[in-house]
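Structural overview for review
Each chain is listed here by its residues.
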Amino acid sequence: QVQLVESGGGLVQAGGSLRLSCAASGRTFSSYAMAWFRQAPGKERAFVAFISWGGDSFYYVDSVKGRFTISRANAKNTVYLQMNSLKPEDTANYYCAASRGPTYYYSNDEYDYWGQGTQVTVSS
């Protein structure tokens, strides 16, 4: 089992930056691919960013390319999401997720473990 805890969310003005962290328990963290999803009020949870268990493959939703960067520090059992040039439409609850090896990295159903979420609010 893997437990995930997100942190780093908050209120920021448009154009600002935040760095989200996802701390994982257990000693098998490096065996999991990791992803960030987000869910805005009244909307379904949507894919944001993915990193493979080896840290050599990355995928981003088009709307965050060039602004967000996903990374992982396996020795710390932690995955990060650096968010720059934030826009009001980035406002959402952000969730960290773990998978043994998703076929469809962008799909909620491919992930076995989820964190509780951390709120990101971007003001105009």
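Located above this text is the structure these notes cover.
Residues numbered from 1 in each chain as written. Predicted model: local features only at pLDDT ≥ 70, side-chain atom pairs only at ≥ 80, totals over all residues. Heavy atoms only, no water.

With that settled, the discussion passes to the state of the cysteines. Counted under the stated rule, the structure contains one disulfide. Here C22 engages in a disulfide with C96; their sulfurs sit 2.1 Å apart. With the S-S dihedral at roughly -85 degrees, the linkage between C22 and C96 falls on the left-handed side. Placement of the pair is C22 in strand 3 (residues 18-24) and C96 in strand 9 (residues 92-99), with a sequence separation of 74 residues. For the pair C22 and C96, one class covers both residues: buried. (Disulfide = S-S within 2.5 Å. Helix = DSSP H or I, 4+ residues; strand = E, 2+ residues; numbered from the N terminus. Buried < 20%, exposed > 50% of the residue type's maximum accessible area, 1.4 Å probe, protein only.)

Residues M34, W36, V79, L81, M83 and Y94 are the most contacted members of the largest nonpolar core, which totals 28 residues. Within the residue set of this core, elements represented by two or more residues are strand 3, strand 4 (33-39), strand 5 (46-51), strand 7 (68-73), strand 8 (78-83), strand 9 and strand 11 (118-123). Sequence-distant contacts of Y94, that is, excluding residues within four places in its chain, are made with E6, L20, W36, F37, R38, V48, F68, L81, M83, G117, T118 and V120. Grouped together as the second largest cluster of nonpolar side chains are seven residues, A33, F37, F47 and A97 included. (Core = buried A, V, L, I, M, F, W, Y, C linked by side-chain atoms within 4.5 Å. Contact = heavy atoms within 4.5 Å.)

So, on to the pattern of salt bridges. Counting across every chain of the model gives three salt bridges. We note a salt bridge from K65 to D62, for which the minimum N-O separation is 3.0 Å. Note on D62: relative accessible area 60%, which makes it exposed. As a salt-bridge pair, D90 and R67 come within 2.8 Å of each other at their nearest N and O atoms. (Salt bridge = Lys/Arg side-chain N within 4 Å of Asp/Glu carboxyl O.)

A few words now on the environment of V2. Mapped onto the secondary structure, V2 falls in the segment before strand 1 (4-7). Along the chain, V2 and Y32 lie 30 residues apart, while their C-alpha atoms are 9.5 Å from each other.

Turning our eyes to something else, we now look at the sheet that holds strand 7. What the four strands build is an open sheet, ordered 1-3-8-7; its pairing is antiparallel. In this open sheet, the two edge strands, each paired with only one partner strand, are strand 1 and strand 7. Within this sheet the neighbouring strands show an average axis-to-axis angle of 15 degrees, counted without direction. Bridging between strand 7 and strand 8 involves six bridges; their strand directions are antiparallel. What sits directly across from R72, in strand 8, is V79. (Pairing = 2+ DSSP bridges. Axes fitted to C-alpha atoms, helices over the stretch in contact; angles between N-to-C directions.)

The next subject is unusual backbone geometry. Positive phi outside glycine occurs at N77, with the angle close to 55 degrees. Relative to the assigned elements, N77 resides in the loop between strand 7 and strand 8. Of note, the phi angle at S85 is positive, near 50 degrees, even though the residue is not glycine. Turning to its location among the elements, S85 is positioned in the loop between strand 8 and strand 9. Among the residues examined, S85 registers a relative accessible area of 41% and is labelled partly exposed.

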